[in-house]
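Structural description and commentary
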Amino acid sequence: MKIKSVSLLISSLFPLLSYAATDVEVARYIVSFPGGEHVSYQGAFAKHFPQGLPVGIGSGLVFNSREGNDLLLTTVTDRGPNADAPTVGEQDAKIFANPAFVPLLMDIRVGGGKAVASNSRPLHDQQGPISGLPLPAGLIGSTNEVALSDTLKILQGDPRGLDTEGITADGKGGYWLCDEYGPFLIHIDNQGKILAKYGPTPEQGEHAVAGGLPNIIKWRQPNRGFEGITRLPDGRILAAVQSTLDVDGKTKNKAQFTRLVSFDPASGKTAMYGYPIDIDSYKKAKDAKVGDIVAVDNQHILLVEQGSDKDKQMINKIYLVDLSQATDLTAFEGKGKALEFDDAQALARRDVKLAQKREVVDLRKLGWQQEKVEGLSLIDDHTLAVINDNDFGLQAKLLDAQPKAKKIGDYQLDKQGNLSLDGKTVSARIELQPLEKPESLSELWVLTLPQPLK
């Protein structure tokens, strides 16, 4: 399904790459699944989902090629259908509606007024299909998150679990993915077979399932690991940490930036750069989130920044980010306190230069209504594509809530598997229900800028 419109875009001045105020053409599509693809759900609330769950594509998006007038893209799901849950002791938790779900790739063809998804390929390694379940506690990269069934039974973690959140081509027919758990970079072939995995390099006494990346990124907030990934023309892989790091549990609301991590697959060399969040737009710095990134050239990327602002209104903006003058933050590792503890003045005193950026597109002003943009792709130098993550059309609803506890996160799970408050079992309960439209739909936009980005 496609709708065309034209909206006014006002672009601010950018030192290197800029263009004047112009009109942007937007082609809107609802992704269809003619093959009938869905996620099986036969749990306690199956009556709400007679057709199963919609496939939750859109956690990442990469443009592959043109075929005539059609655009050929590939997308990736995240860890699978999950929903909010009460805490377990002091640990955060999530309900996994289908714990057996395997993250997967799908192709999308855009053309003839339609966007059609097909060719699903589950992710797998030499041991077989992986899962989307959290890493067990004790491993570097574990979020210490507890997985629960839909009846609030504790599930076992999986050291091979991945929460995939981005995709980019490897230049050889395969792809690189990024993950929120480790956070990890994962090299796969076109059929979803895992060829290599890289994560935070452990320090003495730490145990990891992968290494090769800077240790400091282990301090990503839970479920805020790598959210975007792109391959630069020179072959380097660049991944974006979704939100500010929380070093020693103290910096998520102090940090002025989130980290972009560069990894050269040929040499193993890494580098890190600071992306300056719009810190004054949010009530707390931790509320800023990167949605995805895509390379323009070796020094410039496009980046989605989003989150709920001070007035609880969603921000979904695409920025052009210049890395050419940004300081490699690697030089500061192990030398004094982490840079996340510094305010803008302290960063300047340490001669730290963050990346520069300018706003290219405010998607809200163009009519975007979905909460998130999780996939961003560059078709050519003046055409972009974005897609949302529909969260598998699933949400958790709190029923019979206590007067002073209206959110699921206000409750704890007791030893009997019931909800409790202040150590006392209460009658409140959780039910899985469908998301309403448009949130339950996979929406893809193609944006045409009248002038090239460079």
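Let us look at the structure shown here. (Residues numbered from 1 in each chain as written. Predicted model: local features only at pLDDT ≥ 70, side-chain atom pairs only at ≥ 80, totals over all residues. Heavy atoms only, no water.)

1. Some points on the nonpolar core
Generally speaking, nonpolar side chains in soluble globular proteins are found buried as a group. Formed by 50 residues in total, the largest nonpolar core has its most connected members in Ile57, Ile108, Leu148, Leu432 and Leu444. Excluding its chain neighbours within four sequence positions, the residues that come into contact with Ile108 are Ile57, Leu61, Leu71, Leu72, Leu73, Thr75, Ala115, Val116, Ala117, Ile387 and Leu444. One finds Phe226, Ile237, Ala239 and Met272 within the second-largest nonpolar core, a separate group that totals 23 residues. (Core = buried A, V, L, I, M, F, W, Y, C linked by side-chain atoms within 4.5 Å. Buried < 20%, exposed > 50% of the residue type's maximum accessible area, 1.4 Å probe, protein only. Contact = heavy atoms within 4.5 Å.)

2. Some remarks on the sheet that holds strand E33 (residues 424-425)
Taken in spatial order, the three strands make up an open sheet running E31-E32-E33, and their pairing is antiparallel. Each having just a single partner strand, strand E31 (412-413) and E33 make up the two edges of the open sheet. By the bridge criterion, two bridges tie strand E32 (residues 419-421) to E33 in an arrangement that is antiparallel. Note that in E33 the partner of Leu421 across the bridge is Lys424. (Pairing = 2+ DSSP bridges. Helix = DSSP H or I, 4+ residues; strand = E, 2+ residues; numbered from the N terminus.)

3. Thoughts on the pairing of strand E30 (residues 394-399)
Because side chains alternate across E30, one face comprises the buried residues Leu394, Ala396 and Leu398, and the other comprises Gln395, Lys397 and Leu399, none of which is buried. Bridge count between E30 and strand E34 (residues 429-434): six bridges; the pairing is antiparallel. Each bridged residue has a counterpart across the sheet, and for Ala396 the counterpart in E34 is Leu432.

4. Some thoughts on the sheet that holds strand E5 (residues 82-84)
With respect to topology, four strands assemble into an open sheet ordered E5-E6-E12-E13, the strand pairing being mixed. Edge positions in the open sheet fall to E5 and strand E13 (154-155), since each of these has one partner strand only. When E5 meets strand E6 (residues 93-96), the two strands line up antiparallel, connected through three bridges. The partner of Ala83 across the bridge, within E6, is Ile95.

5. Focus on the packing of aromatic side chains
For the structure shown, the criterion picks out six aromatic pairs. A ring pair is formed by Phe101 and Phe392, whose centres lie 5.2 Å apart and whose planes are at 80°; its orientation type is edge-to-face. Here the residue Phe101 occupies a position in the loop between E6 and strand E7 (104-111), and Phe392 occupies one in the loop between strand E29 (383-387) and E30, the gap between them amounting to 291 residues. This pair shows no difference in class: Phe101 is buried, exactly as Phe392 is. With centroids separated by 4.6 Å and ring planes inclined at 45°, the aromatic side chains of Tyr198 and Phe263 adopt a geometry described as tilted. (Phe/Tyr/Trp six-rings, centres within 6.5 Å; stacked < 30°, edge-to-face > 60°.)

6. Re the pairing of strand E21 (residues 237-241)
The buried fraction of E21 is high, at five of five residues. The alternating pattern of E21 places Ile237, Ala239 and Val241 and Leu238 and Ala240 on opposite faces, both of which are buried. Between strand E20 (residues 226-231) and E21, which follow one another and run antiparallel, lie five residues, and Gly235 among them has a positive phi close to 100°. Summarising the sheet, E21 and strand E22 (residues 257-263) pair through four bridges and their orientation is antiparallel. By the bridge assignment for E22, Ala240 is matched with Leu260.

7. A word on the environment of Phe184
Within the secondary structure, Phe184 is located in the loop between strand E15 (175-179) and strand E16 (185-188). Classification of Phe184 as buried rests on a relative accessible area of 1%.

8. Observations regarding the environment of Gln126
The topology assignment puts Gln126 in the loop between strand E9 (124-125) and strand E10 (128-129). Exposure remark for Gln126: the relative accessible area of 76% places this residue in the exposed category.

9. Quick word on the pattern of salt bridges
Applying the stated rule across the entire model yields 22 salt bridges. Where Lys357 meets Asp278, a salt bridge forms, and the shortest distance between an N and an O atom there is 2.6 Å. Remark: Asp278 occurs in the loop between strand E23 (270-276) and strand E24 (289-295) and Lys357 occurs in strand E27 (residues 356-362); sequence separation between them is 79 residues. According to the relative accessible area criterion, Lys357 is partly exposed, its value standing at 21%. With a closest N to O distance of 3.6 Å, Asp342 and Lys337 form a salt bridge. On the accessibility criterion, Asp342 (2% relative accessible area) is buried. Each of Glu67, Asp70 and Arg109 takes part in salt bridges that share partners, so that together they form one network. (Salt bridge = Lys/Arg side-chain N within 4 Å of Asp/Glu carboxyl O.)

10. What to know about the environment of Leu185
Within the secondary structure, Leu185 sits in strand E16. On the basis of relative accessible area, Leu185 is assigned to the buried category, the value being 0%. C-alpha separation for the pair Leu185 and Gly199, spaced 14 residues apart in sequence, amounts to 6.5 Å. Excluding residues that lie within four positions of it along the chain, Leu185 makes contacts with Trp176, Leu177, Cys178, Ala196, Lys197, Tyr198, Leu213, Phe226, Ile229, Ile237, Ala239 and Phe263.

11. Thoughts on unusual backbone geometry
The omega angle of the peptide bond from Gly182 to Pro183 is -5°, so this bond is cis rather than trans. Of note, the phi angle at Asn223 is positive, near 60°, even though the residue is not glycine. When you line up the elements, Asn223 lands in the loop between strand E19 (212-213) and E20. If you check the backbone angles, Asp351 has positive phi at about 60° while not being a glycine. Relative to the helices and strands, Asp351 resides in the loop between helix H1 (344-349) and E27.

12. Considering a positive patch on the surface
A surface patch of positive charge is lined by Lys252, Lys283, Lys284, Lys312 and Lys407. Its place among the elements puts Lys283 in the loop between E23 and E24. (Patch = residues over 30% accessible without salt bridge, like charges linked within 9 Å, V, L, I, M, F, W, Y side chains within 5 Å. Areas by Shrake-Rupley, 256 points an atom, 1.4 Å probe, with all protein chains shown as cover. Lys, Arg positive; Asp, Glu negative; His and termini not counted. Charge placed at Lys NZ, Arg CZ, Asp CG, Glu CD.)

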